[in-house]
Amino acid sequence: MTPGRLLWFLPLVPVLLLAALLWRGLITHDETIPSARVGRPLPLLALPRLDAPQETVDAAAIAARAPVLVNFFASWCGPCRVEHPLLEELAKEDVAIIGIAYKDAADDTRRFLARLGNPFADVLVDADGRALIDFGASGVPESFLVDADGRIVWHQPGPLTPEIIARELEPRLAALKKEEKAR
Amino acid sequence: MVAEIGHFALALALGLALATIAAAVIGHRPGRDGWLQLVAPLARAGLIAVTIALMALVTGYVTSDFSILNVWQNSHTAKPLLYKITGAWGNHEGSMLLWVWVLQLYAAFVPRTRRLLDLRMRAKVLAVQAAIAAAFLLFILAASNPFLRLDPAPLEGRGLNPLLQDPGLAFHPPLLYLGYVGFSIVYAFAAAALIAGRMDAIVARAMRPFALAAFSALTLGIGLGSWWAYYELGWGGFWFWDPVENASFIPWLAGAALIHSLVVTEKRGALARWTLVLATITFALALLGTFLVRSGVLTSVHAFAVDPRRGLFILAILTAAIVAAFALLAWRAPLLERAAGCRPVSREGAMMLNNVLLAVAAAVVLVGTLYPLALEALTGEKISVGAPYFVTLFGPLAVILLALVVVAPHLRWKRDAAGRLAFLLPRAGLGALAALAAVAAAFGLPGVLAALAIALAGALIASALAEWRRAWPRTQGRRSGLREALRRIPLNRHAYALAHLGLAVTVIGVVAAESFATEKTVLVEPGAGVEVAGRRLVFEGLEPAIGPNYTAVAGLFRLDGPGGPLLDPARRSYWAPPMETTEAAIRPTPLGDIYLAIGARRGDAVELRASFKPLVALIWLGALLMATGGLLALVSRVRLAARRVPAREENAS
């Protein structure tokens, strides 16, 4: 075969590359959108505690419990109810979780926690929804994993599922705990 | 019962497709022409079988037979009849069935080329088409069977996505498929030409009607889809550079190149290899388009019926088909005779340049569409490529292309002198100035690229009119009347003048709507007024309404004071599946559309988005003109083929 003829086979190369690309895209594609907040410090906030509204908790106080999971929830939110038992399990495994009740009446939040159990180390109140915006979240439930420097390490928009906990949260938690020990 | 008939018909169609291929292969040897005679009837029987399957599915939808899984998933008894019928292809399985039906439909027209192509050639074309059909039929039977049963059968279905319950969208998929799939038959001709080692003016003449039909249908399909997005999605955009839109636009660009290169091959015997390459690429891009729409590999607003597992199957077919196509090209194309070159200043030279520009434009859109996917695969980073990329790169290319279309139709074949086009200069200049002045007077000064595009569109209109003027028949030095002219001007000249006029019209519409649109969002109380495009709207209050499968709240807005027209943008709440849609109210005016959409309510007040979309209707008018031009050219080709070429001996090889 002459080089001229071989040249005609050249278009097969991009075609095969494209096929490989589409194949990879198909098997790895997921619909999650990366959070712009990951890698950034916790927003400066001072939120009142549910039990003692006169006391406020700020970013430093949250980071002090690191590694800590910050979870936005509300008593009126269906997916939060579905997610709740998973948070309970995490709490049993000694994961510090801070709950932020988003646009929820304090009494409703208390009743919700009394009925379903309280996995939270602390419950803060985001009555007007400002904290949710500061976190760059778009609704409830959403969860943020925070390290000892007060940085957001990971963000889950939407409810946690056992798969997500096993695949994404647990390895990161373990890594953070190891780091903590190394200090 | 109806599901079993459909299922059986599908299996039969697969058998018939395989038999078509077998008959063509066996008949290939000399002296076995009897087998070749079987190919066309077998292909026709395949069409009948797929038609029965499609009818069976439509029957399942019309009778709301929820024992069929597909019907249960996508239909509902309360759905209007039209959407029950069109709902049959408003889902993955049904749309693949439609795909194959269109494939077989085009095949049924191949025997019509008997005056141009001999029996052997036609058998090759049908065999290639049957191979494509067989692959897709296998896919339908194995991985997306629309006739699977559901036991026990539920009493009610889940309903069709309300966004799809719209007349514009009812006909969008069939037209789009007529376009996409039409390029498969064009490819089948190209493959047959490669196998036979013959690509000449005659083959090009046989291919052209098919390419023109596919291109016209694709133009209409894209236009209809864009129009639907404009009035149904509620924010008045007509093109989003969304991956799935691009997936139809890329083959459209390649198809536009193809219908022009086919002209050169037919008239001058030149560009034969390039035409074959282009036919292969266009087909590959059409398959890629189907894949992108069906697999959900790219995040898109069109993710109506996606399933990644099936994507792998389509990807396999796609890769096999494209690799086979390019391998055939690589193996056989070098054996074709090298055709004569052409001079830069000539009709064919201009068409070559047009092909280069269209190919680059298609590549630009393709790269922008697939870039996020490539980046995610290589680095894991997620981005989306938006309008700025496409406008920045595609815009200038489109402007250069426009300039070319102004000049090219006036060039002569073989060789020409640039100086001869001097007659065009004052006309084109006048057209450009007139268009610019009109737009500037109506809406203000546009930006540089926009101004350039409008000026060139004006020049193009002048050029198309000059085309008619030149073709106008004369008797004894005097121009004849309109009736005489309509009778005597050859149809194909009407065709390309009209198509190019349509291009200019669409360009003006796009540029005006992009550059001069105004929009405001306000919260209006009953009795309050809003100013839009210099006219006054008064909000008269909200009104509930009820439809066959939805409830709605409409805002009533009176234009121009008492007695003026009433506009009623609405929000509809469908209950199966539960979903809200926006129904915009559009009031066309000579200079553009007044476009109203309502959002959230606060007590008696409602959020109103009032926009003015200058000349936006021209976009679709232009698309209609382009498609009409394509169809006229198709008719003229069919007539010509019937008239000029003497019938060939049926069995001569």
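Residue numbers restart at each chain and count upward from 1, following the sequence in its written direction. All chains are assigned letters beginning at A, and all ligands numbers beginning at 1, according to the order in which they are written. Local features in this predicted model are restricted to residues of pLDDT 70 or higher, and side-chain atom pairs are both shown and tallied only at a pLDDT of 80 or more, whereas totals for entire chains, interfaces and linings draw on every residue. Just so you know, side-chain values use all the structure's heavy atoms and leave hydrogens and water out.

1. Details of the overall build of chain A
Here is the rule we go by: Numbered from the N terminus, helices here are DSSP runs of H or I no shorter than four residues, and strands are runs of E no shorter than two. Classification of residues uses two cut-offs on accessible area relative to the type maximum, computed with a 1.4 Å probe and protein chains only: under 20% is buried, over 50% is exposed, and between them is partly exposed. Here, residues are in contact when the closest pair of their heavy atoms is within 4.5 Å. Surface exposure here means Shrake-Rupley accessible area, sampled with a 1.4 Å probe, where a residue is shielded only by the protein chains that are shown. Positive charges come from Lys and Arg, negative ones from Asp and Glu, while His and the chain ends are left out of the count. A single reference atom marks each charge: NZ on Lys, CZ on Arg, CG on Asp, CD on Glu.
The secondary structure content of chain A amounts to seven helices and seven strands. Principal-axis analysis of the C-alpha atoms places the extent of chain A at approximately 85 × 40 × 30 Å. Residues classed as buried in chain A amount to 45% of the 183 residues present. By sequence separation, contacts in chain A at least 24 residues apart represent 71% of the contacts at least 6 residues apart. In the form shown here, chain A has an accessible surface area of approximately 9,800 Å², with 59% of it arising from carbon and sulfur atoms. Of the side-chain charges in chain A, 20 are positive and 25 negative, and the distance between the mean point of each set is 5 Å.

2. Describing the pairing of strand E6 (residues 550–559) of chain B
A regular strand carries its side chains on alternate faces of the sheet. All names here are of chain B. Note the threshold: Strands qualify as paired when DSSP identifies two bridges or more between them.
Within E6, seven of the ten residues are buried, which leaves the element mostly enclosed by the surrounding structure. One ladder, built from nine bridges, connects strand E5 (residues 535–546) with E6; its direction is antiparallel. When the bridges of E6 are listed, Val538 appears paired with Arg558. The loop that links E5 with its antiparallel partner E6 comprises three residues.

3. A look at the pattern of salt bridges
Cut-off, in case you're wondering: Counted as salt bridges are all cases of a side-chain nitrogen of Lys or Arg within 4 Å of a carboxyl oxygen of Asp or Glu.
The tally for this structure, following the rule as stated, stands at 25 salt bridges over all chains. With a shortest N-O distance of 2.8 Å, Glu55 of chain A and Arg49 of chain A are connected by a salt bridge. Two residues, Arg120 of chain B and Asp33 of chain B, come together in a salt bridge whose shortest N-O distance is 3.7 Å. Of the two residues, Arg120 of chain B is situated in helix H6 (residues 119–143) and Asp33 of chain B in helix H2 (residues 33–62); the sequence distance between them amounts to 87 residues. With relative accessibility at 18%, the residue Arg120 of chain B sits in the buried group. The exposure class of Asp33 of chain B is partly exposed, given its relative accessible area of 22%. When salt bridges that share partners are traced, they join Arg49, Glu55, Arg65 and Asp122 of chain A into one network.

4. A word on the nonpolar core
The cut-off we apply is this: Among buried residues, the Ala, Val, Leu, Ile, Met, Phe, Trp, Tyr and Cys ones that are joined through side-chain atoms within 4.5 Å form a nonpolar core.
If you look at the biggest cluster of nonpolar residues, it comprises 151 residues, and the most contacted ones within it are Leu22 of chain A together with Val186, Phe189, Met199, Met207 and Leu253 of chain B. If you look at the next biggest cluster of nonpolar residues, it comprises 47 residues, including Val57, Phe112, Phe135 and Ala137 of chain A.

5. Examining the sheet that holds strand E3 (residues 518–524) of chain B
Residue and element names in this part refer to chain B. Just so we agree on the cut-off: Each axis is a line fitted through C-alpha atoms, and for a helix only the stretch in contact is used; angles between axes span 0 to 180 degrees, taken between their N-to-C directions.
Pairing within the open sheet is antiparallel, and its four strands lie in the order E3-E12-E11-E10. Each edge of the open sheet carries a strand with a single partner, namely E3 and strand E10 (585–589). For this sheet the average axis-to-axis angle between neighbouring strands, irrespective of direction, equals 20 degrees. Sheet topology note: the E10/strand E11 (residues 592–602) ladder contains five bridges and is antiparallel. Across the sheet, residue Ala585 finds its bridge partner in E11, namely Leu596.

6. A look at the sheet that holds strand E6 (residues 142–146) of chain A
All names here are of chain A. The sheet built from five strands is open, its strands ordered E5-E4-E3-E6-E7 with mixed pairing. Either end of the sheet is taken by a strand with one partner, and the two such strands are strand E5 (122–126) and strand E7 (152–157). Along the sheet, successive strands turn relative to each other by an average axial angle of 20 degrees, direction set aside. Pairing between strand E3 (residues 68–73) and strand E4 (residues 96–102): six bridges, direction parallel. Bridge assignment links Leu69 to a residue of E4, and that residue is Ile97. Those strands touched by helix H5 (residues 106–116) are E3, E4 and E5, and its axis lies near 120 degrees from that of E3. Sheet strands touched by helix H7 (residues 162–182): E3, E6 and E7. Its angle to E7, the strand with the most contacts, is close to 165 degrees.

7. Remarks on a negative patch on the surface
Residues and elements named next belong to chain A. Note the cut-off: To count toward a patch, a residue needs a relative accessible area above 30% and no salt bridge. Like charges then connect within 9 Å, nonpolar side chains (Val, Leu, Ile, Met, Phe, Trp, Tyr) within 5 Å.
A contiguous patch of negative charge, built from Glu89, Glu93, Asp94 and Glu170, is present on the exposed surface. Its place among the elements puts Glu170 in helix H7. Residue classification places Glu170 among the partly exposed residues on the basis of a relative accessible area of 31%.

8. Details of unusual backbone geometry
Residue and element names in this part refer to chain A. That bond from Val140 to Pro141 is cis: its omega, -5 degrees, falls within 30 degrees of zero. Structurally, the position occupied by Pro141 is in the loop between helix H6 (130–134) and E6. A positive phi angle, near 45 degrees, is found at Lys103, a position not held by glycine. Counting through the fold element by element, Lys103 comes out in the loop between E4 and H5.

9. What about the confidence of the model for chain B?
All names here are of chain B. We count it as follows: The pLDDT value tells you how sure the predictor is about a given residue, anywhere from 0 up to 100.
Looking at chain B, pLDDT values average 87 and 95% of them are 70 or higher. The lowest-confidence element of chain B is helix H7 (residues 167–170), averaging 76 in pLDDT; the highest-confidence one is helix H1 (residues 2–26), averaging 95. Below a pLDDT of 50 lies the segment residues 301–305, which in the model reaches eleven contacts outside its immediate sequence neighbourhood of four places, other chains included. Within the model, the stretch residues 646–653 combines pLDDT values under 50 with twelve contacts to residues more than four positions away or in other chains.

10. Quick notes on the packing of aromatic side chains
All names here are of chain B. Under the convention used in this document: Centres within 6.5 Å are what make two rings of Phe, Tyr or Trp a pair, Trp counting through its six-membered ring; a difference in plane orientation under 30 degrees is then read as stacked, over 60 as edge-to-face, and the rest as tilted.
Considering all chains together, one arrives at 24 aromatic pairs over all chains under this definition. On the numbers, 4.7 Å between centres and 10 degrees between planes, the contact of Tyr187 with Phe283 is stacked. Taken together, the residues span a long stretch of sequence, with Tyr187 in helix H8 (residues 172–196) and Phe283 in helix H11 (residues 272–295) at a distance of 96 residues. The exposure classification of Tyr187 matches that of Phe283, with both residues buried.

11. Structural notes on a positive patch on the surface
Taken together, Arg44, Arg112, Arg114 and Arg115 of chain B make up a surface patch of like positive charges. If you trace the backbone, Arg115 of chain B turns up in the loop between helix H5 (92–108) and H6.

12. As for the pairing of E5 of chain A
Residue and element names in this part refer to chain A. Stated formally: The definition of a right-handed crossover adopted here requires that, viewed with the strands pointing away, the path from the first strand over the helix to the second runs clockwise.
Counting buried residues along E5, five of its five residues qualify, which places the element largely inside the surrounding structure. Because side chains alternate across E5, one face comprises the buried residues Asp122, Leu124 and Asp126, and the other comprises Val123 and Val125, equally buried. Sheet topology note: the E4/E5 ladder contains five bridges and is parallel. Paired with Ile98 across the bridge in E5 is Asp122. Note that the unit made of E4, H5 and E5 has a crossover that is right-handed.

13. Digging into a nonpolar patch on the surface
Taken together, the side chains of Leu7, Leu10, Val13 and Leu17 of chain A define a hydrophobic patch exposed on the protein surface, amounting to about 410 Å² of accessible area. With respect to the helices and strands, the residue Leu7 of chain A is situated in helix H1 (residues 3–7).

14. Observations regarding the state of the cysteines
All names here are of chain A. Which entries qualify depends on this criterion: The disulfide criterion used throughout: a pair of cysteine sulfur atoms within 2.5 Å.
For the structure on display, the rule yields one disulfide over all chains. A sulfur-sulfur separation of 2.2 Å characterises the disulfide bridge that pairs Cys77 with Cys80. Taking the sign of the S-S torsion, about 90 degrees here, the bridge from Cys77 to Cys80 comes out right-handed. Take Cys77 and Cys80: they sit in the same class, and that class is buried.

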